[in-house]
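Breakdown of the fold
Each chain is listed here by its residues.
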Amino acid sequence: MAKPLVPDDLWAAIEPLLPRERPKPQGSRPRLSDRAALTGILFVLKFGLPWEMLPAEMGCGSGMSCWRRLRDWHEAGVWAALHRALLERLQAAGQIDWRRAALDSASLAAKRGGAEVGPNPTDRGKPGTKRHLVTDARGTPLGLMLSGANCHDSRMLAPTLDAVPPIRTGHRGRPRCRPGKLHADKAYDHRRCRQECRARGITSRIARRGLESSIHLGRHRWIVERTFAWLARYRRLTIRYERRANIHLAFTTLACALVCLGQIRRSC
């Protein structure tokens, strides 16, 4: 029996976060159910097909209906709230390792251009987008940012660290959003990056140009590369097809939440 695209544990996590449906005039067309819309969104995310090719037999309505729901829920903060809620569940289970984190970026082609797109210096100047990701020592995605592919990695260190949401620890005191140490490659070997880490109470472990070999990823930095590989399992994220940056960010944030959900399942 095939597994449902929206299993019960995912639906239980996201349902309380969804905005309430506005009342409609009597006799108007019934609204597509939220669970059906989420099924369509996950189908496109997982298999990467265009919205207009969403199979009608799935009962998810039209692709445009699912697209609008993805957009509206992103604007309402649903995807970010889902990611944070799952991170807090991992934290409550003691499954987030705050002792060290890893930060890196990955570029992908942006076929249709749009916001947060720039010429990719590693792809003959073709339009591209860069994802900046920070993970804990287990590879849990903590913070995510987008930029043009021509944006230097070092410029996005502080915004990516600040994108980590405050996560309640279950104890008294302020929520936590800072790791003890941060591992990054030579692209971040700048005084500014070390100062930004120090200002946030983070010990920087940044590879130094001319002193460390580029052959190996490093003892701790490979963790973030593995998380990028997890995200690449979602076909819609291998190439950016969306002109609107918020739609691509919504997809990527949802994928990060699904990675967290998978870790919760494995820890049970």
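The sections below set out a description of the structure shown in this document. (Residues numbered from 1 in each chain as written. Predicted model: local features only at pLDDT ≥ 70, side-chain atom pairs only at ≥ 80, totals over all residues. Heavy atoms only, no water.)

**Section: the overall build of the protein chain**
As a reminder, the rule being used: Starting at the N terminus, helices and strands are each numbered in turn, a helix being any DSSP run of H or I of at least four residues and a strand any DSSP run of E of at least two. Should any heavy atoms of two residues lie within 4.5 Å, those residues are considered in contact. Each accessible area value is a Shrake-Rupley result obtained with a 1.4 Å probe; residue values ignore everything except the protein chains displayed when judging cover. In this tally, Asp and Glu contribute negative charge and Lys and Arg positive charge; neither His nor the terminal groups of the chain are included. Note that the charge is assigned to NZ on lysines, CZ on arginines, CG on aspartates and CD on glutamates.
In terms of regular secondary structure, the protein chain is built from eight helices and six strands. Counting from the amino terminus, the protein chain carries its helices and strands in the arrangement α-α-α-α-β-β-β-β-α-β-α-β-α-α. When contacts within the protein chain are restricted to residue pairs at least 6 apart in sequence, long-range pairs at least 24 apart make up 66% of them. For the protein chain, the exposed area adds up to about 14,200 Å²; of that, 51% sits on carbon and sulfur atoms. Across the protein chain, the 49 positively charged side chains and the 23 negatively charged ones have centroids separated by 3 Å.

**What about the nonpolar core?**
Our working rule: Here, the term nonpolar core denotes a set of buried Ala, Val, Leu, Ile, Met, Phe, Trp, Tyr and Cys residues that are joined through side-chain atoms within 4.5 Å. A 1.4 Å probe rolled over the protein chains alone gives each residue an accessible area, and that area as a share of the maximum for its type sets the label: buried under 20%, exposed over 50%, partly exposed in between.
Of all hydrophobic cores here, the largest spans 65 residues; its most connected members are Ile41, Trp79, Leu82, Leu182 and Phe251. Considering every element that reaches this core, the biggest residue donor is helix α8 (residues 245–267), with twelve residues. Excluding its chain neighbours within four sequence positions, the residues that come into contact with phenylalanine 251 are Ile41, Val44, Leu45, Trp51, Leu70, Arg236, Leu237 and Glu242.

**Some details on the packing of helix α2 (residues 34–47) against helix α3 (residues 63–75)**
Put simply, the rule is: Comment: axis = line fitted to C-alpha atoms, over the contacting stretch for helices; angle = value between 0 and 180 degrees taken between N-to-C directions. Throughout this description, any angle smaller than 35 degrees is read as roughly parallel, any larger than 145 degrees as roughly antiparallel, any in the 65 to 115 degree range as roughly perpendicular, and the remainder as oblique. Asp, Glu, Lys and Arg are counted as charged, while Ala, Val, Leu, Ile, Met, Phe, Trp, Tyr, Cys and Pro are counted as nonpolar; the rest, among them Gly, fall into the polar class.
Their axes nearest at 9 Å, the elements α2 and α3 cross at an angle of 100°. On the basis of the axis angle, α2 is roughly perpendicular to α3. Here α2 contributes Asp34, Ala37, Leu38, Gly40 and Ile41 to the contact with α3, which in turn contributes Cys66, Arg69, Leu70 and Trp73. Its residues assigned to classes, the contact of α2 with α3 shows six nonpolar, one polar and two charged.

**What about the pairing of strand β3 (residues 127–136)?**
Basically, it comes down to this: At least two bridges found by DSSP between two strands is the condition for calling them paired.
With nine of ten residues buried, β3 lies mostly within the body of the structure. Pairing of strand β1 (residues 100–109) with β3, which is carried by nine bridges, proceeds in the antiparallel orientation. Residue alanine 102 lies in a different strand from β3, and its bridge partner there is threonine 135. Inspection of the sheet shows strand β2 (residues 118–119) paired to β3 by two bridges, in the antiparallel sense. Within β3, the residue paired with glycine 118 across the bridge is glycine 128. In the sheet, β3 pairs with strand β4 (residues 141–148) via seven bridges, with the strands oriented antiparallel. Bridge pairing in β4 places lysine 130 opposite serine 147. What sits between β3 and β4 in their antiparallel hairpin is a turn of four residues, with glycine 139 showing a positive phi close to 90°.

**A word on the state of the cysteines**
Put simply, the test is: Whenever a pair of cysteine sulfur atoms sits within 2.5 Å, that pair is classed as a disulfide.
Per the counting criterion, the structure on display carries zero disulfides. Free cysteine: cysteine 60, not disulfide-bonded; nearest cysteine sulfur from cysteine 66 at 5.4 Å. With no disulfide of its own, cysteine 177 lies 13 Å from the sulfur of cysteine 197, the closest cysteine sulfur.

**Considerations on the packing of aromatic side chains**
Condition: A pair of Phe, Tyr and Trp rings is counted when the ring centres sit within 6.5 Å of each other, with Trp represented by its six-membered ring. The angle between the planes then sorts it: under 30 degrees is stacked, over 60 is edge-to-face, the rest tilted.
In total, this model carries three aromatic pairs according to the counting rule given. Pairing tryptophan 73 with tryptophan 79 gives two aromatic rings, centres 5.7 Å apart and planes at 65°, and the pair type is edge-to-face. By relative accessible area, which is 2% here, tryptophan 73 ends up buried.

**Considerations on the environment of glutamine 263**
With respect to the helices, strands and loops of the structure, glutamine 263 is situated in helix α8. Taking relative accessible area as the criterion, glutamine 263 reaches 10% and is therefore assigned buried. Glutamine 263 sits 173 residues away from leucine 90 along the chain, and the two C-alpha atoms are 7.8 Å apart. Setting aside its immediate chain neighbours within four residues, glutamine 263 contacts Leu90, Arg138, Gly139, Thr140 and Trp230.

**A few points about helix α6 (residues 191–199)**
An α-helical turn contains 3.6 residues, so a residue and the one three or four places further along point in the same direction. Cut-off, in case you're wondering: The directions considered for the arc are those from the helix axis to the C-beta atoms.
Those residues of α6 lying buried are Cys193, Arg194, Glu196 and Cys197. The buried residues of α6 all sit within an arc of 160° when viewed along its axis, so they share a single face. Seen from the open side of α6, the exposed residues pointing more than 90 degrees away from its buried face are Arg191, Arg198 and Ala199. Considering only its buried residues, α6 is in contact with α5 (157–162), β5 (181–184) and β6 (203–206). Glycine 201 sits one or two residues past α6 and shows a positive phi near 75°.

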